[in-house]
Amino acid sequence: ATSGAAWVADDTPSEPPPPAGGAVHVAFSFHVNYAHAARSDDATEDGFGQDIWLITGVLDALDARPAFRADWDIDVHGTLEGAMAASSPELLARIQRRVNDGVDDVRIASWHDGLMSGHSREEFDASIDRAKSSIDAAFSRRVPGVQPSGDVTAPEHLAWYAAHDIEWITLFYGANG
């Protein structure tokens, strides 16, 4: 809330915290990936059916709270262009609608969900170019950020991302070096 009020997930206002002289930005950020080593590659409960159920719930919750914005990154090749397009196109359409309407944002991830920190410069460039092309084909817009696969990056990648007009990076874990 821009008024300084604090909000909880059920939209109930509470007393704002005392001023701290800074700003905290909270992003409802969702990673869409149907590939899991411990599960099967089908739309059942033993596979990515769990992801379909979860993403449906997230979208339902967001739709019920129009003031809440989300930020999405999507495994491009295996999920966006593969399993999601084939098994849950209605979820893809819902995310596309939210992004294309300016409600939510989408950022790139690696094209093939490969561990970018192990890539040569040539492999890195190819993955980013393919990811940008695929996301641009699926959505009317994207933000200039990236979600590295495995949330891992290497110091030299900051300049490599910048060469692709990537202005920021999300790192959910401290597994960076």
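Calculation rules
- Residues numbered from 1 in each chain as written.
- Predicted model: local features only at pLDDT ≥ 70, side-chain atom pairs only at ≥ 80, totals over all residues.
- Heavy atoms only, no water.
- Helix = DSSP H or I, 4+ residues; strand = E, 2+ residues; numbered from the N terminus.
- Buried < 20%, exposed > 50% of the residue type's maximum accessible area, 1.4 Å probe, protein only.
- Contact = heavy atoms within 4.5 Å.
- Areas by Shrake-Rupley, 256 points an atom, 1.4 Å probe, with all protein chains shown as cover.
- Axes fitted to C-alpha atoms, helices over the stretch in contact; angles between N-to-C directions.
- Parallel < 35°, antiparallel > 145°, perpendicular 65-115°, else oblique.
- Left-handed = near helix turned anticlockwise from the far one by under 90°.
- Nonpolar A, V, L, I, M, F, W, Y, C, P; charged D, E, K, R; others polar.
- Salt bridge = Lys/Arg side-chain N within 4 Å of Asp/Glu carboxyl O.
- Pairing = 2+ DSSP bridges.
- Phe/Tyr/Trp six-rings, centres within 6.5 Å; stacked < 30°, edge-to-face > 60°.
- Polar contact = N/O pair within 3.5 Å; in protein donor to acceptor, adjacent residues only side chain to side chain.

In this section: the overall build of the chain. Per the secondary structure count, the chain includes five helices and seven strands. Secondary structure elements of the chain occur, N-terminal to C-terminal, as β-β-β-α-β-α-α-β-α-β-α-β. Considering the chain as a whole, with its 177 residues, one finds that 38% of them fall into the buried category. Of the contacts formed within the chain by residues at least 6 apart in sequence, a portion of 65% connects residues at least 24 apart. Surface summary for the chain: the accessible area is close to 9,700 Å², and the carbon and sulfur share equals 57%.

Running from N to C, helix α2 (residues 76-87) and helix α4 (residues 121-138) cross one another at 25°; their axes reach a closest spacing of 11 Å. By the criterion of interaxial angle, the relationship of α2 to α4 is roughly parallel. α4 is crossed by α2, and the crossing has left-handed handedness. Mapping the contact onto sequence places Val 76, Leu 80 and Glu 81 in α2 and Ala 131, Ser 134, Ile 135 and Ala 138 in α4. For the contact of α2 with α4, the class distribution of residues is five nonpolar, one polar and one charged.

Across all of its chains, the model carries ten salt bridges by this definition. For Asp 71, the salt bridge goes to Arg 107, with nearest N and O atoms at 1.8 Å. With a gap of 36 residues between them, Asp 71 in strand β4 (residues 71-74) and Arg 107 in strand β5 (residues 105-109) connect regions that are remote in the sequence. On the basis of relative accessibility, which here comes to 11%, the residue Asp 71 falls in the buried class. Between Asp 73 and Arg 107 there is a salt bridge, with its nearest N and O atoms 3.3 Å apart. Separated by 34 residues along the polypeptide, Asp 73 in strand β4 and Arg 107 in strand β5 bring together distant segments of the chain. Overall, Arg 107 belongs to the buried group, its relative accessible area being 0%.

On to the pairing of β5, then. Across the five residues that make up β5, a large majority, five, are buried. By the bridge criterion, two bridges tie β5 to strand β6 (residues 145-147) in an arrangement that is parallel. Within the sheet, the bridge partner assigned to Ile 108 lies in β6 and is Val 146.

Counted by the stated rule, this structure contains five aromatic pairs. Ring centres 5.1 Å apart and planes at 40° place the aromatic pair Phe 30 and Trp 72 in the tilted group. Of this pair, Phe 30 sits in strand β3 (residues 29-32) while Trp 72 sits in strand β4; the two residues are 42 residues apart in sequence, bridging distant segments of the chain. By relative accessible area, which is 22% here, Phe 30 ends up partly exposed. For Trp 72, a relative accessible area of 1% corresponds to the buried category.

Residue position: Gln 147 is located in strand β6. Gln 147 gets classed as buried once you look at its relative accessible area, which sits at 2%. A distance of 3.1 Å separates polar atoms of two side chains, one belonging to Gln 147 and the other to Arg 107.

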